[in-house]
Amino acid sequence: MGYRRPMQLSRFPRRRYTPHPTPLERLDNLTRHLGGPDIWIKRDDLLGLAAGGNKTRKLEFLVADALAQGADTLVTVGAPQSNHCRLTLAAAAKEGLKCRLVLEERVPGSYRPDASGNNLLFDLMGVESTTLVKAGTDLAAAMAAILDDLARAGRRGYAIPGGGSNPLGALGYAACAQETMTQAFDQGVAFDSIVVASGSAGTHAGLLVGLAALNAGAPLIGVNVRRPRAEQEGNVFALAEQTAAFVGLPGIVTREMVTARDEWVGPGYSLPTPEMVEAVRLLARLEGVLLDPVYSGKAMAGLIGLVRQGAFKRGETILFVHTGGAPALYAYQRDLQA
Ligand SMILES: *Cc1c(COP(=O)(O)O)cnc(C)c1O
């Protein structure tokens, strides 16, 4: 292959919400418990903003763009317990912006105004409004209507797509790939495979672009939380292609690099599975690490399932990217108790 320009992500305006790299650690007890490959974790549950998680990295680029455009209000969309909505609101608070949220009731009848978790946090951080819409609503149109309302009041809104998953947001995870590979070099560890939750696809797509740009040579295995495999792989590939072009490396990600396993979705998005409950309880007891019921719990269930299937060999080193989400645990107390 000919000469390739590296990514230079410092060309893109960025706010900083985490003043240090997140820890990269070996999970000694989980590794021993499973008796298979060495398992490491990238602690993106320890990112900045209010109980940070993967959305914090995306928001560093998205909010910088909102500020450059003179926005006074961030507008976004997510499920009622969305980490993305919570962190967008936290970023707005920190930047002195207002925030309006569209909440999509993805599981009909599931919205409980008295539920713990985000309802409390939205109030504490001073959300300007929340609008509840049914599954299948045109979310872009719902956000556009809010931008129109704001414009009529002489204000300027900035719409962030669900999960912050557009090429600009995905840069956050191209940056995470760089950060992780630098740490891996410092710590003298090389990864044979990397496992991550795959939802609105920005995290998965951004990591793919970053790993490909670095020629890391470690396959990335996405674990779906919502969609069938083929559909999700199509979404991830499309966003990875756009993101690669955006950083000046068109074509760097090929379709064969995209894997999004769907065996751990269970009955549907955000609905508990026995494998998720096992994974959440296991990581809490063995490592003092809190996963979440919707994303990282199912992704870890996938990693554990793959180890048990013999997909990884003893002597291999597997990295789990912990995308955060623990505040949602409190809305799932009954499902998680033994
Ligand atoms: C949003 C989210 C994910 C999935 O990331 P995407 O970029 O939407 O695919 C994983 N884990 C947590 C905790 C999340 O909030």
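Above this text sits the structure in question.
Presented here is a report on the structure given in the accompanying data block. (Residues numbered from 1 in each chain as written. Predicted model: local features only at pLDDT ≥ 70, side-chain atom pairs only at ≥ 80, totals over all residues. Heavy atoms only, no water.)

Re the sheet that holds strand 6 (residues 157-160)
The pairing of strands in a sheet happens through backbone hydrogen bonds and is either parallel or antiparallel. Here we have four strands laid out as an open sheet, ordered 5-4-3-6, and parallel in their pairing. Each having just a single partner strand, strand 5 (129-134) and strand 6 make up the two edges of the open sheet. Pairs of neighbouring strands in the sheet enclose a mean axial angle of 20°, with direction left out of account. By the bridge criterion, six bridges tie strand 3 (residues 73-78) to strand 4 (residues 98-105) in an arrangement that is parallel. Following the sheet pairing, Leu 74 is matched in strand 4 by Cys 99. Sitting on the sheet, helix 2 (residues 54-68) touches strand 3 and strand 6, and the angle it makes with strand 6 is about 155°. (Pairing = 2+ DSSP bridges. Helix = DSSP H or I, 4+ residues; strand = E, 2+ residues; numbered from the N terminus. Axes fitted to C-alpha atoms, helices over the stretch in contact; angles between N-to-C directions. Contact = heavy atoms within 4.5 Å.)

Digging into the site of the ligand
Close to the ligand lie 17 residues; Lys 55, Lys 58, Ser 200, Thr 203 and Thr 323 are nearest. Within the contact set of the ligand, an oxygen atom lies 2.9 Å away from a side-chain nitrogen or oxygen of Asn 54. Where the shell around the ligand is concerned, the elements lending two or more residues are helix 2, strand 7 (193-198) and helix 7 (202-213). For the shell around the ligand, the element with the most residues is helix 2, which contributes three residues. Among the residues forming the shell around the ligand, the class breakdown is three nonpolar, 11 polar and three charged. (Near = heavy atom within 4 Å. Polar contact = N/O pair within 3.5 Å; in protein donor to acceptor, adjacent residues only side chain to side chain. Nonpolar A, V, L, I, M, F, W, Y, C, P; charged D, E, K, R; others polar.)

Overview of the environment of Pro 274
With respect to the element layout, Pro 274 can be found in helix 9 (residues 274-287). Given the relative accessible area of 64%, Pro 274 is considered exposed. Along the sequence, Pro 274 and Lys 298 sit 24 residues apart, while their C-alpha atoms lie 9.7 Å from each other. (Buried < 20%, exposed > 50% of the residue type's maximum accessible area, 1.4 Å probe, protein only.)

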